[in-house]
Structure formats: structure tokens, C-alpha cells
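Observations on chain architecture
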Amino acid sequence: MKVVNLKQAILQAWKERWSDCQWAMNMKKFFPKGATWDILNLAEALLEQAMVGPSPNPLILSYLKYAISSQMVSYSSVLTAISKFDDFSRDLCVQALLDIMDMFCDRLSCHGKAEECIGLCRALLSALHWLLRCSLASAERLQEGPEPTTPASAEKQLAMCLQRLEKTLSSTKNRALLHIAKLEEASAWTAIEQCLLKLGETLASIGNPQLRSQAEQCGVLIRSIPSMLSVHSEQLHETGFPTVHAVVLLEGTMNLTGETQPLVEQLMMIKRMQHIPTPLFVLEIWKACFVGLIESPEGTEELKWTAFTYLKIPQVLVKLKKYSHGDRDFTEDVNCAFEFLLKLTPLLDKADQRCNCDCTSFLLQECNKQGLLSEASFANLVAKCKADREQAPQLKSSENANIQPNPGLILRAEPTVTNILKTMDADHSKSPEGLLGVLGHMLSGKSLDLLLAAAAATGKLKSFARKFINLNEFTTHGPGESTKTASVRALLFDISFLMLCHVAQTYGSEVILSESSPGAEVPFFETWMQTCMPEEGKILNPDHPCFRPDSTKVESLVALLNNSSEMKLVQMKWHEACLSISAAILEILNAWENGVLAFESIQKITDNIKGKVCSLAVCAVAWLVAHVRMLGLDEREKSLQMIRQLAGPLYSENTLQFYNERVVIMNSILEHMCADVLQQTATQIKFPSTGVDTMPYWNLLPPKRPIKEVLTGVFAQVLEKGWVDSRSIHIFDTLLHMGGVYWFCNNLLKELLKETRKEHTLRAVELLYSIFCLDMQQVTLVLLGHILPSLLTDSSKWQSLMDPPGTALAKLAVWCALSSYSSHKGQASSRQKKRHREDIEDYISLFPLDDTQPSKLMRLLSSNEDDTNILSSPTDRSMNSSLSASQLHTVNMRDPLNRVLANLFLLISSILGSRTAGPHTQFVQWFMEECVDCLEQGSRGSILQFMPFTTVSELVKVSAMSSPKVVLAITDLSLPLGRQVAAKAIAAL
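The name that an unreviewed UniProt entry assigns to the protein chain is Mediator of RNA polymerase II transcription subunit 24, with the source organism given as Octodon degus. Quoted verbatim from the Subcellular location (unreviewed entry) heading of the UniProt record, the comment on the protein chain is "Nucleus". Its UniProt record gives the protein chain a comment under Sequence similarities (unreviewed entry), which states: "Belongs to the Mediator complex subunit 24 family."

Okay, here's the thing in C-alpha cells:
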């Protein structure tokens, strides 16, 4: 008999009662070549014939079982065929189908093409839906139960269905395949969720608790499929987190004016990477704040820390609250953190003694004001705090009883800042005397530093500076004025100028600079600050045109200074005087050096310069500082003597209002300006002391010691202590500035690789990460673009990558990569903008800008070296060795960080695919494990998008990485190609 089709062949086998083995042999004769059995739909044809009668045909079912066992048919084709059967009233047929599923549902696999593996995912999703529909049909029959025979068979069928569901879903591999299928077919998943709801409702009215509990268990497993990657255990064995501590200290010490959002994101990144529980996380932030308060030098730094703790950190916590989700309420976590804080008695005692008040109660009030505590928690904590502080050492001694504590002053200064900003908005010409009164009060005592610290911590400092620039600009001219109005104008000009200089030196010149629109006139102060004001790391040219104004103006200024008994005020153009003073000083110096002027004349001139407005003295010293740098050792004496003359106060009754207050600020400004040049020329100038160190973090490096020794020494101290203090942060920042990013990073990593004890290496990683936050972007480029590739490609260095330092380095590299990648779209912080950008390397050569010009590295790493179209269009090269999700997402490869990441992952891919294994291979495994561990659920566009798709199949060959969850974590499931790659890797496990 000639067989025409599959159906006829199956019928013939049944009529002639062939055995399963005989059937298989004859089938191969009937269909010798061409299409596979799946294309011929063999599984579906067999099931269709087996299910013709009221009960299944055992012979034809035996053929199907043989076809499954001998892999004639794929699992996906069998599952698809089963899911098409929908007559659930035929108990025996359903039972037979469940038995067939039993054969393989807990050990599904597929070693074919990626499309076949995706087919398996879809088939498994259909089978899951079929099992739920079957369970629902049985449950509904059980619920109705009109016939006496129905309940038993329906209950049995329901139990069997639930058993198969549990068996299928208990496999992580199956859940991972279903996770991919859900992304492939969202509508089918919606149908499954609806079916699950209906099943739950139906079973609620059934009396069998065992079946209900089994169904609930299955429901939990199904609902867990979409969030398979989000489960992370939190660290409960640690109580201290040096990274959080150091990042908060770094921010409070060096970046008070920075926006809160980048800090919040950085802290959240650390919390996620280290899996820190929220109460301990909040506690660590406060511990760092209190340590900062205790160790901050007296004066401006102390006020800055107080503002940071009481004004900025509560705002940071308000933003952190928005990120919190989970079972616990954030206010509960804050309450819990306060409970822990109150137990740290020695820390609180020291902070209270330093600030001369109960620091915790101020913090409690601020947190309560921001809605971070419930009323009940607040009342309870206040009572505990009060009881605890009664036992504390007595704060009020006879000397400090009258000193007002800084936290109270800072909290009162905040609303004052807002009021001053409103006052400054008024028309200056209407009541200049009233405005002068307000500014005069600001100059007294530590009011100015208090107000500036409060403005900086609340993000109002830029606005504050802008108002003073406008005021300064307004006072430069005074047409048709009386003597009184001229003196008020001179004072307003002087105070605004001094305040702006003080702000630029204390908080950085970025605060002053405006986003000027093209064509707009730049205000005088901005021009002067950018071209004439000495700053750390800024070298000025004393012969620059900015110091050489109109010669007639200079001559008249020299005459005025030399001939008049005091400076004239009426109709004085102060901005012109400030710009002319440098050239005037040069004339006067030349005259003095050539013997034309005697020392008494010089004294008279310097008294004139500083007698009325201090800003002229500031401008004069700014030029003298630039001038001294250019002079030889024997030529400096007269210039330095002139600086000394300008720095001392004038003891005269004929000065303008607020003279003493203005001189204090002037001296602080001059001391900052001269610090660099005095150190370089080994000169000392005694500035009038205010009793407070105005430059506490200046000149911290020990003399005559190599900077590498200093770096390793300070790092050793920090490692021994277990946390970074403010002084060390400033030393690290200076060393980073002096040695450059590569030198800094390379030498610190050498220290890490020397460590041999696991606990030491982990602590070193936490501390190094926080030190690298000084300039995370540049450090990451060096670490991932230079240091790691060098270690991974040089076999002589592989030994240094052994565990534990190798594991620690992998962790550090991932933390730096994740932090830089998540923040590099934002703006660099002000402290990072200040640093000179060294040209580390031309990153453009690391990775091709387009597909027509592959870089040397990509050509070397490509597995298809003979293929001339390696880098043709993405559609043609769907699985070549270098294609990654980032290319399909069209990520900008002009960005240096993107280039470095793509380069590193190509290197990782080549190491995994190479025939040589060693510590470098183990390092790559640790690196990938850390990537998976730090991954946030749903974070598409993470650093793993730069990994070539082919790396996945290489990674799963490594035993530690051969898990379905790892595959899901490292592939970009938002892309169809990513899902295919994941399905292929998981199905082959």
C-alpha cells in the first residue's frame, strides 16, 4: 500500500497493530528525506488520532511516547498539540495527556536554533494556560456536582492538574522560559492571569483545603514569574557601611552647594549594590553627619557642616522616601534608625559637647517638619532623647553658657536668607541706606558665613550671588550725586564685591558664573573674577591685557593715590578703578624701585588704596600675586612688602561705615589669594588674626616626602581605621590633583592587590569606591580602559588576580562602572569641574564610530576573521561576535565611557571564548557575578547592554554562571534578539 500522508500512515499502523519500534522504522521508510517530523506536525497528527473515541487509543499513544523518547518530535510540538485539546469532560483523555506531560515537563530542553527555543517558550506558555483551563473546568464541575459520580472524578482530575502545574512551575528553568514567553506574548499572559483569578474564585467555595492550598501555591509561583530578577537578600550581618559614611563626608566637606538629586542617586546606587537595609542606611548617613560635625575645623567649615546636617540631609531623606517601596513604611525605617542612633551614646555626647546643644533633638524636629516621622514616633523619640540626654555630661559651663549653638543659628538663618533675597529684589535706587543697613548686619560676627552656609545647603546660593552681582553692577556709576549718596554707593559696591569674592573662595567660582546668553553683556565682577582673581590651580599672566587698561585712567588714578590725602568718592567709577589699579601699582612699584618714591609715599598710597573701599586693595593684591610669581628670588622683596602694607588695617577715624567688618573679610580673601604664592616663595605674611583658621585644609601634605609614600601611608591609616575622615579626603583630593587620575588609581589598586585577607580586601573595596568618588567618571575610564585590560591581557600579571584581591577588584570595577554609567548623563559636580581634565587617551580609537571602520581590537576579537562583512549592518550580522544590545539601542559611541565599556566586554568575550583558562578567566566570572548581583530589576540600558550576545553561550559553560536566573539577568530581554539568545542559553541548560 502506498502511503499518501501522515494520517494514512498512522491508520495503517493501527490496523496492522505495529509495535512502537516497528512503527518508527516504517515511518522513516515512508518519509525518507526532506521535512522534519515537527514540520509534518507528527505530534499533532498522533494526538488527533489517539483522541477520536471517548477514551484514548493506547496503541497510538504508545507511538507518541516512543516519538518523544527517541526525540523524533520536539517537546514544543507535543506541548502545542496538547494545548489544542479542549474537551475537558473526557476524563480519560485528559488523564492520558497529563501522563504524557509527566514524561518531560520537569526536564525540558532544546538544542536547536534560537527560533526553536523561543518556540519552546511559547509552547510552555500555551501548556500552562491549558493546565489552568483544565483545572478551572474540573473546579467548576466539582462546584456544580449534580451527578453522584461527578465529584470524585472531577476532584481527581483537579488534583492531577494541580500536581502537574506544581511540578512544571517548581523548575526555575521552566519559570525562566515562561518569563521570556510572557515578554514575547503579553496577551497570552493576560489570559493566564485572568484564568488564575477565576480559578481562585471558584476554589474559594470548594470544601477541600488541600486542593485550595495547592492552587494557592501554584498561583504564587505563577505571579513570581514577572519579578524573577528582583529578589535580593539584604545584608543583616553588618552594622557599619564605610562607603555610605565616606560619600556623605565627601559631600559635606567638598560639595555643600551641589544639588541633592545626584547625591540621592549615588546613595541609592550604594544601597542597591551593597544590599543595605533602609534603617541601617539612614543611620549610617546620620553617623557620618555627626562625625563631620565633631571633626570639622572651627569657623566656616563648622557652619557648613551644620547646614549640611540640618538643612540638606533632611531634604535628601525626603527624596530617598520616594525611592522606598516594599512592605515597610519609610517613616518606620527612619524611626528605627533614630532608635539605633540614640544607642550610640559616646558619639552623641561628643557631638553635643562640640555644638554646645542637644544635636539629636534638633535633627528630630527637622525630620518631623519634613514629614519623615509619624506623630507617635516623634513624641516617643523626643521623650527617649530627653531622658537619655539628662544622663549626658553637663554642657553649659560658665564660658560657653552665652554661646548660641550653631544648629539653632543655622535653622534660624534659613528663613533670613529668603527675606534677604526679597529685600535684594527691591529697586536699589529708592532706599540705598536701608539696603546698606541690612548688608551691614550681615557682616557682623559670623552672620555672613551662617547665611551663606544656609543658602548653600538649600540651593539658594547661586540666586544669592546673582543678586549681589546685580547690586555690584548697579553701584559702578553714580551720576550727579551728593557726598552722602556717594559714600553709600561706595559702601554698597565694596560690600557686594567682598561678599562675592568670599563666596567664590569658600564655595567655588562656579556659584558666581551665570549662564550668559550670547551677546549679553557680562557683569563687571564676573569679568574680573575670571581674568584677574587668583585661585588654586589658576596661573595668571601679570602682562595680560586685562591688567592693562586705558593709560589716561591709570595716570589719573596714580595721581589721585599719590597726591590726595584720601580717596575721592563722588562720581567715582569703581569698576574702572578696580580694573586700573593693577597698572597703577606697576607704575608705583617701578617708581619705588627706581628711587623716585620713598617708603613713606608708598605707605600713604597703600593707606589711600585701603582707606575707603577694601575692594581696591583686593584687586591690587590679585595683580601683585600674579606679578610675584614671575619675579626672581632677589626681585620679590618690594612687591611682597606692598602686599604686607595692603593687608594691615588702617587706624584712622576718617573711614567709612562697617570698616572693621569689611577688613576682616578682606584679610580672609587676601590670605586665600596669597597662600599659593607664599608657599612657593617660602615667604611669610602675618595677616591680622580673627582667632579662627580661615584655611583649615590648606597645605596638608608633609614636606619632603614623595607623594606615592604619602598616598600609600594615608590609605593604610584609613584601612586600619575602617573609615575615611575629612582630612584624609582633602589629602586624597590634593594627591589626585598632583599625580593625575592614572597615577592615583593605579597606585591605590596596587595596594588593594597586595591584600591577602578577605575581610581586609572587602573593606578596602568599600573605602576605595568612596575615595574614587572624588572624580568617579575619570577614575572609571582609567580603571576599565587601561588598568583592567592591562591586567587581563598580560599573563605575568594574572597571579595578582587570584582570590581574594581578584574578587575585590572585580567588585570595585563593577561598582565604579555602574555608578559612572548611571550618572554620566548628568552634569559633573562642581568639585569635579574644577579639576584639570588630563587627556587620558584618545578613546575614539578604542571603538569604531561606524560599522565601516572596525577598530584593531574588534578585528582581533572577532571570531569570523575571514569574513569580510564582519561589521556590516546589524540586520545582516544578527549573531556575530561583537553585536551587543547597545548597538541595537543605538547608544552614542562617541561617549568615552560607552567606548570603554564596549571595549571591556569585547575583551571579556574573547577571554571566555579562548582556549587558555587561568586567574583571568576566574576574574571575568567574578566580574559577571557581581554585575548580576548588583543588577536592579527592569534596569534596561545597564552596563550589560555592551556585552556581545555571543558571550551568553560562553558564560553558561562556567558552572557558577549556568543558572536560568543569571541568563535572564545578563541579557537585554527588551529586544527580540536578546530574548532569543536567552531562550537558547536556558533551553540548553
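Attention shifts here to the overall build of the protein chain. Each helix and strand in the protein chain was counted, giving 45 helices and zero strands. Looking at the protein chain as a whole, 55% of its 989 residues are labelled buried. Taking the contacts inside the protein chain whose residues are at least 6 apart along the sequence as the reference set, 78% of them involve residues at least 24 apart.

Contact geometry for helix α5 (residues 75-83) and helix α6 (residues 91-102): axes closest at 11 Å, N-to-C directions at 160 degrees. It follows that α5 is roughly antiparallel to α6 by the angle criterion. Note that α5 runs across α6; the crossing there is left-handed. Residues Val78, Leu79 and Ile82 of α5 form the contact with α6, whose own contacting residues are Leu97, Ile100 and Met101. Classifying every residue of the contact of α5 with α6 by side-chain character gives six nonpolar, no polar and no charged.

This part takes up the packing of helix α16 (residues 330-342) against helix α18 (residues 359-369). Packing of α16 against α18 brings their axes to within 12 Å, and their N-to-C directions diverge by 175 degrees. The angle between the axes of α16 and α18 places the two elements in the roughly antiparallel class. Between α16, through Phe338, Leu341 and Leu342, and α18, the contact on the second element is made entirely by Thr360, Leu363, Leu364 and Cys367. Its residues assigned to classes, the contact of α16 with α18 shows six nonpolar, one polar and no charged.

Moving on, we get to the packing of aromatic side chains. Aromatic ring pairs: the centre-centre distance and the angle between the two ring planes describe each pair. Going through the model one piece at a time under the given rule, you end up with 19 aromatic pairs. An angle of 85 degrees between the planes, with centres 5.9 Å apart, marks the rings of tyrosine 769 and tryptophan 815 as edge-to-face. Linking tyrosine 769 in helix α35 (residues 758-772) with tryptophan 815 in helix α37 (residues 805-823), this pair joins segments that are 46 residues apart in sequence. Judged by relative accessible area, which is 3%, tryptophan 815 ranks as buried.

Moving on to helix α36 (residues 776-793). Compared with the 26 Å implied by 1.5 Å per residue over 18 residues, the 24 Å span of α36 between its first and last C-alpha is a close match. In α36, a bend of some 35 degrees at leucine 783 exceeds every other bend along the element. Counting buried positions along α36 yields 15 of 18 residues, so the element is predominantly enclosed.

We now examine unusual backbone geometry. Across the junction of aspartate 803 and proline 804, the peptide omega takes the value 5 degrees, indicating a cis bond. Counting through the fold element by element, proline 804 comes out in the loop between α36 and α37. Located in the positive-phi region is histidine 275, a residue other than glycine, with phi close to 50 degrees. With respect to the helices and strands, histidine 275 occurs in the loop between α13 (260-274) and α14 (278-295). You can call histidine 275 buried: its relative accessible area is 13%. In this model, asparagine 356 sits at a positive phi of 60 degrees, which is unusual for a non-glycine residue. For asparagine 356, the position within the fold is in the loop between α17 (345-355) and α18.

Here we come to the nonpolar core. Most often, soluble globular proteins have nonpolar side chains that are buried together. The biggest cluster of nonpolar side chains holds 352 residues, and the ones touching the most others in it are Trp23, Trp286, Phe290, Trp528 and Phe772. It is helix α7 (residues 114-144) that provides the largest number of residues to this core, a total of 17 residues. Setting aside chain neighbours within four positions, we find tryptophan 286 in contact with Ile313, Leu317, Val334, Ala337, Phe338, Leu341, Leu363 and Cys367.

Let us now look at the environment of threonine 506. Of note, threonine 506 is situated in helix α24 (residues 483-507). When near neighbours in sequence (up to four residues on either side) are disregarded, threonine 506 contacts Thr300 and Lys304.

Glancing now at the environment of serine 374. Within the secondary structure layout, serine 374 lies in the loop between α18 and α19 (375-390). Owing to a relative accessible area of 31%, serine 374 belongs among the partly exposed residues under this scheme. As for serine 374 and asparagine 335, which are separated by 39 residues in sequence, their C-alpha atoms are 8.4 Å apart. There is a polar contact of 2.8 Å between the side chain of serine 374 and the side chain of serine 377.

Our next topic: the confidence of the model for the protein chain. Overall, the prediction assigns the protein chain a mean pLDDT of 81, with 87% of residues at 70 or greater. Long-range and interchain partners of residues 826-879, a stretch whose pLDDT sits below 50, account for 102 contacts in this model, where long-range means more than four residues apart.

Within this structure, the stated rule accounts for 21 salt bridges. Arginine 90 is the partner of aspartate 87 in a salt bridge, and the nearest nitrogen-oxygen pair spans 3.8 Å. Given the relative accessible area of 30%, aspartate 87 is considered partly exposed. Across the pair lysine 754 and glutamate 751 runs a salt bridge whose closest N-O atoms are separated by 2.9 Å. Taken together, the residues lysine 754 and glutamate 751, both in helix α34 (residues 741-754) and three residues apart, mark about one turn of the helix. Residue classification places lysine 754 among the exposed residues on the basis of a relative accessible area of 56%. Here the salt bridges do not stand alone but share partners, grouping Asp99, Asp102, Arg164 and Lys167 into one network.

Looking now at the side chain of serine 83. By secondary structure assignment, the location of serine 83 is in helix α5. Here threonine 80 takes part through its backbone oxygen, which lies 2.8 Å from a polar atom of the side chain of serine 83. Those residues in contact with serine 83 that sit more than four places away from it in its chain are Ser126, Ala127, Trp130 and Arg133.

Take helix α28 (residues 599-611) next. Because each turn of an α-helix spans 3.6 residues, side chains separated by three or four positions end up pointing in the same direction. In this model α28 runs 18 Å from its N-terminal to its C-terminal C-alpha over 13 residues, within 8% of the 18 Å that 1.5 Å per residue would give. Tucked into the core, α28 has its buried residues touching α26 (551-563), α27 (574-593), α29 (614-629), α30 (637-647) and α31 (659-680).

This next bit is on the environment of tryptophan 574. Relative to the assigned elements, tryptophan 574 resides in helix α27. You can call tryptophan 574 buried: its relative accessible area is 0%. Setting aside anything within four residues of it in sequence, one finds tryptophan 574 in contact with Thr475, Thr476, Arg489, Ala490, Phe493, Met567, Lys568, Leu569, Val613 and Leu616.

Rules behind the numbers
Residues numbered from 1 in each chain as written. Predicted model: local features only at pLDDT ≥ 70, side-chain atom pairs only at ≥ 80, totals over all residues. Heavy atoms only, no water. UniProt positions renumbered as here; feature names shortened; annotations may be inferred. Helix = DSSP H or I, 4+ residues; strand = E, 2+ residues; numbered from the N terminus. Buried < 20%, exposed > 50% of the residue type's maximum accessible area, 1.4 Å probe, protein only. Contact = heavy atoms within 4.5 Å. Axes fitted to C-alpha atoms, helices over the stretch in contact; angles between N-to-C directions. Parallel < 35°, antiparallel > 145°, perpendicular 65-115°, else oblique. Left-handed = near helix turned anticlockwise from the far one by under 90°. Nonpolar A, V, L, I, M, F, W, Y, C, P; charged D, E, K, R; others polar. Phe/Tyr/Trp six-rings, centres within 6.5 Å; stacked < 30°, edge-to-face > 60°. Expected span 1.5 Å × (residues − 1). Bend = angle between axes of the 7 residues up to and from the residue. Core = buried A, V, L, I, M, F, W, Y, C linked by side-chain atoms within 4.5 Å. Polar contact = N/O pair within 3.5 Å; in protein donor to acceptor, adjacent residues only side chain to side chain. pLDDT = per-residue confidence, 0-100. Salt bridge = Lys/Arg side-chain N within 4 Å of Asp/Glu carboxyl O.

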